[in-house]
Amino acid sequence: MGQTITEKILDDHLVEGELTPGEEIGIEIDQVLTQDTTGTMVWLQFEALDLDEVQTELAAQYCDHQTYQFDFKNTDDHRFLRSAAGTFGAYFSRPGNGICHQVHKENFAAPGKTLLGSDSHTPTPGGLGQLAIGAGGLDIAVAMGGGPYYVEMPEVVNVQLEGELPEWATAKDVALELLRRLTVKGGVGKVLEYTGSGAEALTIPERTTITNLGTELGATSSIFATDEKTKEWLSLQGREDEHVDLEPDEDAEYADTIEVDLSELEPLIAKPSMPDNVVPVREVAGESVDQVIIGSCTNGAYEDILPAAKMLEGREVGRKTEMIVAPGSKQASEMLAREGWTAELMAAGVNFSEATCGACIGIGHVPASDSVSLRTFNRNFEGRSGIEDDSVFLCSPEVATAAAIAGEIVDPRDLADELGDLEDPGLEMGGNYGPGMGESDPDIISPDEAVDDDLIKGPNIGDVPLKDELSSDIKGPALLKMEDNITTDHIIPATADILKFRSNIEKLSEFTLSRVDETFAQRALDADGGFLVAGENYGQGSSREHAALCPMFLGIEGVLAQSFARIHKANLFNFGLVPLTIDEETYERIEQGDDVQIVDDVGEGVREGREEFTIRVNDDWEATAQLDASERERDILAAGGKLSWTKAQHDSG
Ligand code: F3S
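Small disclaimer: the values here were computed from a predicted structure and weren't measured.

What counts, and at which threshold
Residues numbered from 1 in each chain as written. Predicted model: local features only at pLDDT ≥ 70, side-chain atom pairs only at ≥ 80, totals over all residues. Heavy atoms only, no water. Axes fitted to C-alpha atoms, helices over the stretch in contact; angles between N-to-C directions. Helix = DSSP H or I, 4+ residues; strand = E, 2+ residues; numbered from the N terminus. Parallel < 35°, antiparallel > 145°, perpendicular 65-115°, else oblique. Left-handed = near helix turned anticlockwise from the far one by under 90°. Contact = heavy atoms within 4.5 Å. Nonpolar A, V, L, I, M, F, W, Y, C, P; charged D, E, K, R; others polar. Polar contact = N/O pair within 3.5 Å; in protein donor to acceptor, adjacent residues only side chain to side chain. Domains from an automatic or database assignment. Buried area = accessible area lost by both parts, 1.4 Å probe. Salt bridge = Lys/Arg side-chain N within 4 Å of Asp/Glu carboxyl O. Pairing = 2+ DSSP bridges. Near = heavy atom within 4 Å. Right-handed = clockwise from strand over helix to strand, strands pointing away. Buried < 20%, exposed > 50% of the residue type's maximum accessible area, 1.4 Å probe, protein only. Arc of directions from axis to C-beta. Core = buried A, V, L, I, M, F, W, Y, C linked by side-chain atoms within 4.5 Å.

Draft legend 1. Inspection of the packing of helix 6 (residues 171–182) against helix 8 (residues 204–213) at higher detail. Interhelical geometry of helix 6 versus helix 8 gives an angle of 25° and a closest axis separation of 8 Å. Taken together, the axes of helix 6 and helix 8 lie roughly parallel to each other. Here helix 6 runs over helix 8; the crossing is right-handed. Here Ala-171, Lys-172, Val-174, Ala-175 and Leu-179 of helix 6 come into contact with helix 8, specifically with Glu-206, Thr-209, Ile-210 and Leu-213. Class assignment for the residues of the contact of helix 6 with helix 8 results in six nonpolar, one polar and two charged.

Spelled out as structure tokens, the structure:
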């Protein structure tokens, strides 16, 4: 039987298991990436594993999430990351050089290779034919040590794009249309493989916008075939020799097929505060707009900012609207500057940010209270912008720029009719793409140029906490009952005032779930053990392992949820917290404060492969909870987490 692109790459990298959907497989990892919010833990864990050197073909450390310096802690973290990259043999991308996914795409992403990254939007280079997966930091540390990455073999779904995008509809609208149809859970357990004449017509930056947003669908990864466009783009980056031809076999079988006729798309927008809350722009036209930001790992490439610059040529940003361009990489900034577009944008009233995640996680450019912000980003979770009552819409650069000109949300087709001389800027690839990694790049320090050969830890950088082996008796109060779609932003917010403690777990854990209940951390410490209870899709959002590590530090033993987001569930195993699935009836019945006990000998049950556990609530009623875990995940859980488990494996030879 023929193979899909995903199956071909996985087959090439398979070290354990079979390519049967739902079965756990182990794959060899070629490249890893990590960023500053997750990276300090990755390197502290790598250090704890007592390994000397990175074992993957390539590892890259980026500093992108928090590049504005508030105090010494952040600068200390960046220095530590540089020292770790130098000591263990990774590339180091300096703060301000850009967002990991953009910079990785430009410099290292390679068709046919596997990439594991401690950031949920790691699948971005799927637009270049790389099979890229987001994971928790500990998985990255283990992969860097040469260990396989284990994941449930996803179903491969074919997204068939046919036709051509009409004027003013963009790649962002393709992704928003999928979110509208499938919701933020629609891609869970799947790789979305894009084919069809419509996919071939898209440029590489358009493809990577779509693969980036696959994360919002919950997909394990998203991928396109490679073609002449891939080759051309790689050659613009000075990396033509890394091109390989990749396409599905003609008789490849997909688990499902989704058809999208591009010619039927129109400008779309995601309303507050979920990326799948998508409607046609015309439906919300007229809403006054206070702020517009173009950038992020979704739409921060040169080709994403160019349409805004063209639309604003000879025009001005409306007087009551603030417009900011935050390029995804310094390469994008440099190209805009070299080609004169920075000056055009500035003359139109646009402000520039350095190339950073920044505003995407509420660090800088926080919207005013009770105001509307239009962003080209991928997430608009409530409060993520840095203010609780935010009102963030997600859209294409074209829709965002139209709003900046009009001062209100407007369909760019209507604005074009009104102005008479506003044309769809279209999208092209080209321009001066910079030197590529073959030549010297002052913003990326290669392992050969490393300036450190020992770790430099500031006073805010602590140790990695370890958990004891899983005990036989787990009981405690249901400390917090939460609803559906609790995100990792709810569990550990990534705003600047909190994020600065990312390398200091004791301090950071004080903020655990504080956005849901301010008293939670103290109550958890006082209770010395207990459970979290949640509805569907618990842990949606980022790969942030702090969202499992901090509850573990506070003594949480397990999470009872109706369902879990993939990466977060893996992180719960990695830090020794038992993720149990409960049905809706149990969820409805259980109350915050109830006493919960897992009746059976949990440690033994986990080791023996038991899938059902009985929970007793208030010594009054009982229910069944499921543990859906592979043999390896059970071993990890029993050992008290992956760090202890991996150490034990290394020690035993
Ligand atoms: Fe950064 Fe936001 Fe992307 S935090 S990695 S720009 S989703």
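After presenting the structure, the write-up continues.
Draft legend 2. Quick peek at the environment of Asp-390. Along the chain, Asp-390 turns up in the loop between strand 18 (372–375) and strand 19 (391–394). As a C-alpha pair, Asp-390 and Ala-368 span 22 residues in sequence and 8.2 Å in three-dimensional space. Beyond its immediate sequence surroundings of up to four residues, Asp-390 is in contact with Ser-273, Phe-381, Glu-382, Gly-383, Arg-384 and Ser-385. At 2.7 Å, the side chain of Asp-390 forms a polar contact with the side chain of Ser-385.

Draft legend 3. Expanded view of the packing of helix 10 (residues 302–312) against helix 13 (residues 397–406). Close contact between helix 10 and helix 13 brings their axes to 9 Å; oriented N to C, the two are set at 30°. Here helix 13 runs roughly parallel to helix 10, going by the angle between their axes. Crossing geometry of helix 10 relative to helix 13 is assigned as right-handed. Of the residues in helix 13, those touching helix 10 at Asp-304, Pro-307, Ala-308, Met-311 and Leu-312 are Pro-397, Glu-398, Thr-401, Ala-402 and Ile-405. Looking at the contact of helix 10 with helix 13 residue by residue, the class counts come to seven nonpolar, one polar and two charged.

Draft legend 4. The arrangement of the domain arrangement of the protein in detail. When cut into domains, the protein gives domain 1 (5–262), domain 2 (279–419) and domain 3 (474–651). With centres defined by C-alpha atoms, the gap from domain 1 to domain 2 works out at 25 Å. Buried area between domain 1 and domain 2, summed over both chains or domains, comes out near 2700 Å², and the portion from carbon and sulfur atoms is 57%. Here domain 1 is connected to domain 2 by one salt bridge.

Draft legend 5. Expanded view of the sheet that holds strand 1 (residues 14–16). Pairing is antiparallel in the open sheet, where three strands are placed in the order 1-2-8. Because the sheet does not close on itself, it has two edges, and the strands there are strand 1 and strand 8 (149–152). Between one strand and the next, the sheet's axes are offset by a mean angle of 45°, whatever the strand orientation. Direction of pairing for strand 2 (residues 24–27) relative to strand 8: antiparallel, over a ladder of four bridges. Looking at strand 8, one finds that Ile-27 is bridged to Tyr-149.

Draft legend 6. Broad picture of the site of the ligand. With respect to spatial proximity, the complete set of residues near the ligand consists of His-65, Ile-99, His-101, Asp-119, His-121, Ser-296, Cys-297, Cys-357, Cys-360, Ile-361, Asn-378 and Arg-384. Tallied by class, the residues present in the shell around the ligand amount to five nonpolar, five polar and two charged. Each of domain 1 (5–262) and domain 2 (279–419) contributes no fewer than three residues to the shell around the ligand.

Draft legend 7. Looking closely at the pairing of strand 9 (residues 155–162). Bridging between strand 9 and strand 10 (residues 190–195) involves six bridges; their strand directions are parallel. Bridge assignment links Gln-160 to a residue of strand 10, and that residue is Thr-195. With helix 6 bridging strand 9 and its parallel neighbour strand 10, the resulting β-α-β unit is right-handed.

Draft legend 8. Seen up close, helix 18 (residues 520–527). Taken together, the buried positions of helix 18 are occupied by Phe-520, Ala-521 and Ala-524. One face of helix 18 carries all of its buried residues, which in axial projection span an arc of 100°. Where helix 18 is buried, its residues touch strand 21 (474–481), strand 22 (530–534) and strand 23 (556–561). Within two residues after helix 18, Asp-528 carries a phi angle of roughly 55°, on the positive side.

Draft legend 9. The arrangement of the nonpolar core in detail. The biggest cluster of nonpolar side chains holds 77 residues, and the ones touching the most others in it are Trp-43, Leu-116, Met-144, Phe-520, Leu-532 and Tyr-538. No other element matches helix 5 (residues 137–144), which puts six residues into this core. Taken domain by domain, this core gets at least three of its residues from each of domain 1 (5–262) and domain 3 (474–651). Beyond its immediate chain neighbours, meaning those up to four positions away, Trp-43 contacts Thr-34, Val-54, Gln-61, Phe-80, Leu-81, Ala-84, Ala-85, Phe-88, Ala-90 and Met-144.

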